[in-house]
Amino acid sequence: MSSTNQYTMRDPTTQYPRPPFEEQPQPAPGLAKEMTPRPDHGEDSYVGFGRLKGRKALITGGDSGIGRAVAIAFAREGADLTLNYLPDEEEDAKDLLPIIRDSGVSVHTVPGDIQDEAFCTKLVESAVKEMGGLDIVVNVAGKQAYQDSFLDITTEQFDATFKTNVYAMFWICKAAVPHLPRGATIINTASIQAYDQSPILGDYAPTKSAIVGFTKVLGKQLADRGIRVNAVAPGPIWTPLQPSGGQPQKKVKEFGKNVPLGRPGQPAELASIYVFLASQESSYVTAEVYGVTGGHPLP
Ligand code: NAD
Ligand code: MG
């Protein structure tokens, strides 16, 4: 562990690398370990205080990026984990598992493609069985593939983006809710793109608006069951999603330059918001969307 942690006072403009960055194309879904500079997921810095002690959490996209930072933070806060990611990402998952086990919690992995409803149901059932219940569902997995013109978005791409970002969230929530006790929480991952759309993200940006809408509906509907539902809307975050086709390489070079803090966020900088929304600390927060944008606020 380093001598600094998430509570060390620092200048947020210089706390992490600023652009320009190197061009660094890689095929989707992309690996965190191939990125320069390497993203910070809190491996050496996140300190937990038992804020999720004994909870059982399912996290999609848990191998890299935001999901990996959430997994590390949840483990250090005392939660047992079930992680999903694509089989191609086993390398990122492999070096994460010992970090999680070091926290003394259990971790169970279910690699597979969430574009398939039957797999989503199986994922939830497996999480419930392995952990002996389910208290927290965190939908982080997402697909982003830019196209300069919307005319170049194929039906296949449109379908894959909506299946991954929207349908899977719906299927996972549907399978999970019957298992969730009162006090359980669901956290979805939206984006600044739900509010301020890039013209080159013609399929991705609308999925993020759908996630915001679904989160608000579900938050209102599940209040009766004592289940809270919220979303996090990140701005530009330094993860493999971007250099693996999420943005053109010329934008990767300048990634984060245009937000007031002048740099991309690191996955570690989102972890505490997910912990807060998962824990009882946020007991009066539901159907809400939290921005983590570097100063590009949600409307
Ligand atoms: P990431 O590439 O590290 O994580 C995305 C994960 O999605 C992958 O690791 C992969 O495991 C998973 N995934 C993709 N397709 C899948 C499929 N078909 N089946 C199962 N898993 C699949 O990148 P990230 O930036 O940490 O992305 C996490 C979430 O954050 C996404 O929902 C993304 O839209 C959102 N987000 C990212 C940014 C950003 O700038 N990086 C900004 C706003 C929102
Ligand atoms: Mg990944």
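Please refer to the structure placed before this passage.
The following paragraphs examine the structure supplied in this document. These numbers were taken from a predicted model, which means no experiment stands behind them.

**Side note on the side chain of S191**
Next up, step 1: Positionally, S191 belongs in the loop between β5 (185-189) and α5 (204-222).
Next up, step 2: Exposure remark for S191: the relative accessible area of 6% places this residue in the buried category.
Next up, step 3: Only 2.9 Å separates the side chain of S191 from the backbone nitrogen of Q193, close enough to count as a polar contact.
Next up, step 4: Once residues within four sequence positions are removed from consideration, S191 is found in contact with Y204, K208, V232, A233 and P234.

**Observations concerning the environment of A32**
Next up, step 1: Inspection of the secondary structure puts A32 in the segment before β1 (56-60).
Next up, step 2: Classification of A32 by relative accessible area gives buried; the value is 3%.
Next up, step 3: Sequence separation between A32 and T239 is 207 residues, and the spatial gap between their C-alpha atoms is 6.5 Å.

**Points about the coordination of the magnesium ion (ligand 2)**
Next up, step 1: Within the first shell, the magnesium ion (ligand 2) binds the protein through D63 (OD), S64 (OG) and E89 (OE), at distances of 2.1 to 2.2 Å.
Next up, step 2: Mapped onto the sequence, the residues coordinating the magnesium ion (ligand 2) show the spacing D-S-x24-E.
Next up, step 3: Here S64 falls in the buried class, since its relative accessible area comes to 11%.

**Examining the environment of G213**
Next up, step 1: For G213, the location among the structural elements is in helix α5.
Next up, step 2: Under the relative-accessibility criterion, G213 is labelled partly exposed at 33%.

**A short note on the site of ligand 1**
Next up, step 1: Looking at ligand 1, there are 32 residues lining it, with S64, E89, V140, Y204 and T239 nearest.
Next up, step 2: Taking E89, its side chain carries an N or O atom lying 2.6 Å from an oxygen atom of ligand 1.
Next up, step 3: Contact between ligand 1 and Q242: an oxygen atom at 2.7 Å from a side-chain N or O atom of the residue.
Next up, step 4: Against a free-state accessible area of 800 Å², the protein chains account for coverage of 97% of ligand 1.
Next up, step 5: Contributing elements (two or more residues each) for the shell around ligand 1: α1 (65-76) and α5.
Next up, step 6: Within the shell around ligand 1, the residues separate by chemical class into 15 nonpolar, 13 polar and four charged.

**Notes on the pairing of strand β2 (residues 80-84)**
Next up, step 1: Burial within β2 is extensive, with four of its five residues counted as buried.
Next up, step 2: One crossover worth recording links β1 to the parallel β2 by way of α1, and it is right-handed.
Next up, step 3: For β2 and strand β3 (residues 107-109), the ladder comprises three bridges, and the chain directions are parallel. Within β3, the residue paired with L83 across the bridge is T109.
Next up, step 4: In this fold, β2 hands off to helix α2 (residues 90-101), which returns the chain to β3; that crossover is right-handed.

**Some thoughts on the pattern of salt bridges**
Next up, step 1: Applying the stated criterion across every chain yields a total of eight salt bridges.
Next up, step 2: The residue R51 makes a salt bridge to E77 at a minimum N-O spacing of 3.8 Å. With a gap of 26 residues between them, R51 in the segment before β1 and E77 in the loop between α1 and β2 connect regions that are remote in the sequence.
Next up, step 3: Relative accessible area serves as the criterion here: at 21%, R51 is assigned to the partly exposed category.
Next up, step 4: Using a relative accessible area of 0% as the deciding quantity, one classes E77 as buried.
Next up, step 5: Notably, a salt bridge pairs D95 with R68, separated by 2.7 Å at the nearest N-O pair. Here the residue D95 occupies a position in helix α2, and R68 occupies one in helix α1, the gap between them amounting to 27 residues.

About the thresholds
- The residue numbers shown here count from 1 along each chain, following its written sequence.
- Just so you know, chain letters begin at A and ligand numbers begin at 1, following the order they were written in.
- In view of the model being predicted, local features appear only for residues whose pLDDT reaches at least 70, and side-chain atom pairs are presented and counted only at 80 or more, with totals across whole chains, interfaces and linings using the full set of residues.
- For the side-chain quantities, the full set of heavy atoms in the structure was used; hydrogens and water were omitted.
- The helix count covers DSSP runs of H or I at least four residues long, the strand count covers runs of E at least two residues long, and both are numbered beginning at the N terminus.
- For every residue, the accessible area (1.4 Å probe, protein chains only) is compared with the maximum for its type, and the residue is labelled buried under 20%, exposed over 50%, or partly exposed between those bounds.
- For the purposes of these results, a polar contact is taken to be a pair of N or O atoms within 3.5 Å, where, inside protein, one atom must be able to donate a hydrogen and its partner to accept one; residues adjacent in sequence count only when each atom of the pair is a side-chain atom.
- Note on contacts: a residue pair qualifies if any of its non-hydrogen atoms lie within 4.5 Å across the two residues.
- As a rule, N, O and S atoms within 2.8 Å of a metal are its donors, except that Na, K and Ca use 3.2 Å; water is not among the atoms, so sites may look incomplete.
- We define proximity as follows: a residue is near a molecule or strand when any one of its heavy atoms falls within 4 Å of that partner.
- All accessible areas in this document rest on Shrake-Rupley with a 1.4 Å probe, and a residue is counted as covered only by the protein chains that are shown.
- In this classification, the charged set is Asp, Glu, Lys and Arg, the nonpolar set is Ala, Val, Leu, Ile, Met, Phe, Trp, Tyr, Cys and Pro, and all remaining amino acids, among them Gly, are polar.
- The crossover handedness rule: strands pointing away from the viewer, path from first strand over the helix to second strand clockwise, crossover right-handed.
- Two strands qualify as a pair provided that DSSP identifies no fewer than 2 bridges between them.
- Salt bridges, as used here, are contacts in which a Lys or Arg side-chain nitrogen is within 4 Å of a carboxyl oxygen on Asp or Glu.

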